[in-house]
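Single-letter residue listing:
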Amino acid sequence: MLEPTMDNRRYRPGETGHQDNLDGEVRNDWVLDEVGSLFDLPFNDLLFKAQKIHRIWFNPNKVQMSTLLSIKTGGCPEDCGYCSQSIKFDTGLDASSLMKVEEVLRAARQAKEGGASRFCMGAAWRNPKDRDMGAICAMIEGVNSLGMESCATLGMLTADQAKQLKTAGLNYYNHNIDTSRRYYKEIISTRTMDDRIETLDHVRGAGLNVCCGGIIGMGESRDDRIDMLHALATMPSHPQSVPINRLVRVEGTPLSGSNDLDSFDFVKTIAVARILMPKSVVRLSAGREDMNEEFQALCFVAGANSIFIGEELLTTPNPELAQDRDMFARLGIEPMMAHECPAEI
Ligand code: SF4
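Conventions and cut-offs
Residues numbered from 1 in each chain as written. Predicted model: local features only at pLDDT ≥ 70, side-chain atom pairs only at ≥ 80, totals over all residues. Buried ≥ 20, exposed ≤ 12 C-beta atoms within 10 Å, placed from the backbone. Helix = DSSP H or I, 4+ residues; strand = E, 2+ residues; numbered from the N terminus. Pairing = 2+ DSSP bridges. Right-handed = clockwise from strand over helix to strand, strands pointing away. Expected span 1.5 Å × (residues − 1). Arc of directions from axis to C-beta. Contact = placed C-beta atoms within 7 Å.

1. Quick word on the pairing of strand β8 (residues 281-284)
Stage number 1. Residues Val281 and Arg283 line one face of β8 and the alternating positions Val282 and Leu284 line the opposite face, and both faces are buried.
Stage number 2. Across 4 bridges, the pairing between strand β7 (residues 241-246) and β8 is parallel. Directly across from valine 242, in β8, lies its bridge partner valine 282.
Stage number 3. On the question of chirality, the crossover connecting β7 to the parallel β8 by way of helix α10 (residues 263-276) is right-handed.
Stage number 4. Judged from the 2 bridges that link them, β8 and strand β9 (residues 306-308) form a sheet pairing that is parallel. Paired with leucine 284 across the bridge in β9 is isoleucine 307.
Stage number 5. As a crossover connection, the stretch from β8 through helix α11 (residues 293-301) into β9 is right-handed.

Okay, structure coming up:
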């Protein structure tokens, strides 16, 4: 019988020759080839590496929970090809004006009772008008006074607006790059990737935590996914929160007929994001409603450690709270609190 030796007994995963960051080092100098080599790893090796890095900075059995509320729905002049809220597409959505501060705070209190530690407010705007800033700042102050973290996604910001949000106490600002620079114009024509980057600079400059990620399954190529993750991982500092969304094909949008996404490709994207940005929270965002629990559990193994809870994500469905609670109980997962996010400002 073959006796196990160090050589035949121990498999060293991911021995592909590219530079490792298995010590969880935070690097902003990734090159495209390195990102591509990660995507080339066999699935098990990639997940093993991601899980190993995940455990350096995070408790692997904790997941951060946020709730996202649409505080101003529909009627948006932008033409993001995946979005139900664009005025350019007939999705049957009823537009509504900005919610009242008290209504928003009522929803925040409910979200807190449901276990959310962060409350995110989304408005379907190209950019907020200065006349809206007072109400937005009051919402942020109200959410923080409940002992929750606040997050907003309001479109493009001027440097001055970013500072106003910071002064009001905003913790996070979400502004996704969505996809690669090359593929961006296939998805959105009313603004450029550079517009996005400029707002992210303003957000970072104001001292806010950055929430920035993208969407998988929009017909982008493997190279586009590599480019998108490379762009995120080589920002001046990694976004503290990296949402990875799975396209929700909304009837009436140009992307409603997109091809099915291979589930393994989605999990691999999460794992590569985890390896490239080891201290960032990686959020399993839109698209969970169409993932079974086994698929979601695989995403947690790959390094996802944040989700949105609540039955609606802006305008698309999300799993019921009871369903998420049951899944977490069966997986032994507990909520992660703000002070446990190592990259947070
Ligand atoms: S994603 Fe945002 S900016 Fe784009 S159309 Fe929808 S609401 Fe408007």
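2. Points about helix α5 (residues 133-145)
The α-helix advances 3.6 residues per turn, and as a result positions three or four apart in sequence lie on the same side.
Stage number 1. Under the 1.5 Å per step criterion, the end-to-end length of α5 is 18 Å for 13 residues, consistent within 8% with the ideal 18 Å.
Stage number 2. Among the residues making up α5, those that are buried are Ile136, Met139, Ile140, Gly142 and Val143. The arc that holds the buried residues of α5, viewed along the axis, is 165°, so those residues lie on one side. Summarising the geometry of α5, the exposed residues directed more than 90 degrees from the buried face are Gly134 and Ser145.
Stage number 3. Where α5 is buried, its residues touch α4 (101-113), β2 (118-123), β3 (149-153) and α6 (159-168).
Stage number 4. Two residues or fewer past α5, glycine 147 is found with a positive phi of approximately 85°.

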